[in-house]
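What follows is the residue order along each chain.
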Amino acid sequence: MIFFTAQVLVLGLVLLLFARRSGRFDLYSCLFAVVWTIAVITIRVIYGIDHAAFYSSDQGTQLELLQKFAADGISFSLDRFIGGRYIVIVPVWLLKSFGLDPLLAFKFLQAICLLFTYRVCTDFISEQGLRIKLWHAILFCGPLFIFLSVLGLRDLEIVLCVSYFFLGKSSSLRFFALGVSALLRPHLTVALFFGWLINLWLVRHPLKRMPLAVITLTVGGFFAGGYGYAIGGLIKYKLNYKSPVIFVQQAWWRFFANIIGLQFLTFGNDIVKMTVGQLLTLRLFFIDTFLIPTLFIFTLLNRNLKHTAMRIQVYISFVFFLGLATQTSFNSSRQNLPFLSIMGVLALLGIQQRKIGDTTDQPTRYEIESWKN
């Protein structure tokens, strides 16, 4: 325990180094480094050597994949590359080779990805002329993100890829991020690619009646995602083709439950182990799970705001992804997390623009560049 604590403290100091930019320490990044350090040590104290069992069995899966990689070595098979989660496993294996606790290495990688996501988001926000305040982070690196940073999973690597795909400055790096996300969660990448294609089509056919257009895009994107899941299962797993469940009340109830972060209400006790009361209480702490998508939809319906093209692309990608996810029993805020950071950034900018009354019907330079790319 003493050796583990010493490693955590050293890594916490490393995170503090990442908090320094342009000769100054960023307040959010410093607070995150402290919270991460305390949380990781606390989990270890409470759960002992079984701390991998905290919250999710996926942490144990990650450790098993690491052991398998260490025993079998690298394989250049695409299936092994994706199934073995090499994008996450290889960096952790390198950290482990220096004597770092394996699960701690996973957690540290998550923490680094959160800090880089924070930088990507705040850099973009600053470029729009908005001064960053501490509370802004609730909308793109809030409580849920911080909680997941203390777990040995892969979620925040995916969040970083999606955030850079939408907000990054370099076109080549944006599509590199898309490629990395494909190795971590392929069906998410399909959703991002679908949104990008629809955005290209909208360049030639701009939206006019916004509320009606959003309804049409919602139905079309959800429909495409559902059939994408059916076709993907047929191709990848050689399953018998089965028409997706789309135009039924249950499917759309699950869709709207995702918008307000209440997916657990659509599942039974065989999937959701906690009570409804406990889950609702947790939502008061993880306020970003429902605050971000709600505010994003609020700004989406105003076509006079800046970054309309990006909002539409994000929304279509999200709807397509929900069309895929709602066909399974694996639908949670964790799955939606990659969209929350970009939604939060756009919601924040939209609300700020409405506040100062700075509306425009003309596309911004960024929107034009995003269409071309």
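Refer to the preceding data block for the structure.
Here's what I pulled together on the structure shown here. (Residues numbered from 1 in each chain as written. Predicted model: local features only at pLDDT ≥ 70, side-chain atom pairs only at ≥ 80, totals over all residues. Heavy atoms only, no water.)

Structural notes on helix H12 (residues 249-259)
Formally: Exposure is judged per residue with a 1.4 Å probe applied to protein chains only, and the accessible area is read against the type maximum: over 50% gives exposed, under 20% gives buried, and values in between give partly exposed. Note on conventions: DSSP H or I runs of at least 4 residues are helices, E runs of at least 2 residues are strands, and numbering of each starts at the N terminus.
Of all the residues in H12, the buried ones are Ala251, Trp252, Arg254, Phe255, Ala257, Asn258 and Ile259. At the C-terminal side of H12, glycine 261 shows a positive phi close to 70°.

Describing the pattern of salt bridges
What counts is decided by this rule: Within this document, salt bridges are pairs made up of a side-chain nitrogen of Lys or Arg and a carboxyl oxygen of Asp or Glu, the two lying within 4 Å of each other.
Summed over all chains, the structure comprises six salt bridges. Arginine 21 is the salt-bridge partner of aspartate 123, the closest N and O atoms lying 3.1 Å from each other. Of this pair, aspartate 123 sits in helix H6 (residues 102-127) while arginine 21 sits in strand E1 (residues 20-21); the two residues are 102 residues apart in sequence, bridging distant segments of the chain. A salt bridge links aspartate 58 to arginine 334, with the nearest nitrogen and oxygen atoms 3.3 Å apart. Placement of aspartate 58 in helix H3 (residues 58-72) and of arginine 334 in helix H16 (residues 333-356) is noted, with a sequence separation of 276 residues between them. Using a relative accessible area of 25% as the deciding quantity, one classes aspartate 58 as partly exposed. A residue is classified by how much of its surface remains accessible, and arginine 334, at 17% relative accessible area, is buried. Members of the salt-bridge network, linked through shared partners, are Asp58, Asp155, Arg185 and Arg334.

Comments concerning the packing of helix H2 (residues 27-47) against H6
Rules: Axes, fitted as lines to C-alpha atoms, cover a helix only where it is in contact. Angles between the N-to-C directions of the axes lie from 0 to 180 degrees. When an angle is under 35 degrees it counts as roughly parallel; over 145 it counts as roughly antiparallel; between 65 and 115 it counts as roughly perpendicular; any other value is oblique. Note on convention: the crossing is left-handed when the near helix lies turned anticlockwise from the far helix by less than a right angle, right-handed when the turn is clockwise. Contact criterion: two residues are considered in contact whenever any of their non-hydrogen atoms come within 4.5 Å of each other. All amino acids are sorted into three groups, where Ala, Val, Leu, Ile, Met, Phe, Trp, Tyr, Cys and Pro are nonpolar, Asp, Glu, Lys and Arg are charged, and the leftover types, Gly among them, are polar.
Contact geometry of H2 with H6 gives a least axis separation of 11 Å together with a crossing angle of 160°. Between H2 and H6, the angle falls in the class roughly antiparallel. Viewed along their axes, H2 and H6 form a crossing whose handedness is right-handed. Residues Tyr28, Ser29, Phe32, Trp36, Val40 and Ile43 of H2 touch H6, and the partners they reach there are Leu104, Lys107, Phe108, Ala111, Leu114, Leu115 and Tyr118. Per-class residue counts for the contact of H2 with H6 are eleven nonpolar, one polar and one charged.

Description of the packing of H12 against helix H15 (residues 308-325)
As a packed pair, H12 and H15 sit with axes 10 Å apart at the nearest point and diverge in direction by 130°. When the interaxial angle is binned, H12 and H15 end up oblique. Crossing angle aside, the handedness with which H12 passes H15 is right-handed. Here Arg254, Phe255, Asn258 and Ile259 of H12 lie close against H15, whose contacting residues are Tyr315, Phe318, Val319, Leu322 and Ala325. In the contact of H12 with H15, the residues fall into seven nonpolar, one polar and one charged.

Comments concerning the environment of phenylalanine 145
Within the secondary structure, phenylalanine 145 is located in helix H7 (residues 143-149). Apart from the residues within four sequence positions on either side, phenylalanine 145 is in contact with Leu114, Phe140, Leu156, Val159, Asp288, Leu337, Leu340 and Ser341.

A closer look at a positive patch on the surface
Counted only if it meets this: Like charges within 9 Å and nonpolar side chains (Val, Leu, Ile, Met, Phe, Trp, Tyr) within 5 Å are joined into patches, using only residues over 30% in relative accessible area that form no salt bridge. Residue exposure ignores everything except the shown protein chains as possible cover, and the areas themselves are Shrake-Rupley values with a 1.4 Å probe. Note that His is not counted, nor are the chain ends; the positive residues are Lys and Arg, and the negative ones are Asp and Glu. A charged residue contributes its charge at one atom only: NZ of Lys, CZ of Arg, CG of Asp or CD of Glu.
Together, Arg24, Arg131, Lys133 and Lys355 line one region of the surface with positive charge. Following the sequence through the fold, lysine 133 ends up in the loop between H6 and H7.

As for a nonpolar patch on the surface
On the surface, Met1, Val45, Ile46 and Tyr47 cluster together to form a nonpolar patch covering roughly 410 Å² of accessible area. Mapped onto the elements, methionine 1 comes out in the segment before helix H1 (2-18). Methionine 1 gets classed as partly exposed once you look at its relative accessible area, which sits at 42%.

Describing unusual backbone geometry
Its identity as a non-glycine residue notwithstanding, arginine 85 has a phi of 50°, on the positive side. A positive phi angle, near 65°, is found at histidine 307, a position not held by glycine. Structurally, the position occupied by histidine 307 is in the loop between helix H14 (288-300) and H15. Histidine 307 sits in the buried class, given a relative accessible area of 4%.

Regarding the environment of leucine 15
Looking at the element boundaries, leucine 15 is found in helix H1. Classification of leucine 15 by relative accessible area gives buried; the value is 0%.

So, H1
The criterion, for reference: Each residue after the first adds 1.5 Å to the expected span of a helix. Directions pointing from the helix axis toward each C-beta atom define the arc.
The end-to-end C-alpha distance of H1, which contains 17 residues, comes to 25 Å, matching closely the 24 Å that a straight helix rising 1.5 Å per residue would cover. When H1 is considered as a whole, its buried residues turn out to be Phe4, Thr5, Gln7, Val8, Leu11, Gly12 and Leu15. Across the axial projection of H1, the buried residues extend over an arc of 155°, all falling on one side. Away from its buried face, by an angle of more than 90 degrees, H1 presents the exposed residues Ile2, Phe3, Leu13 and Leu17.

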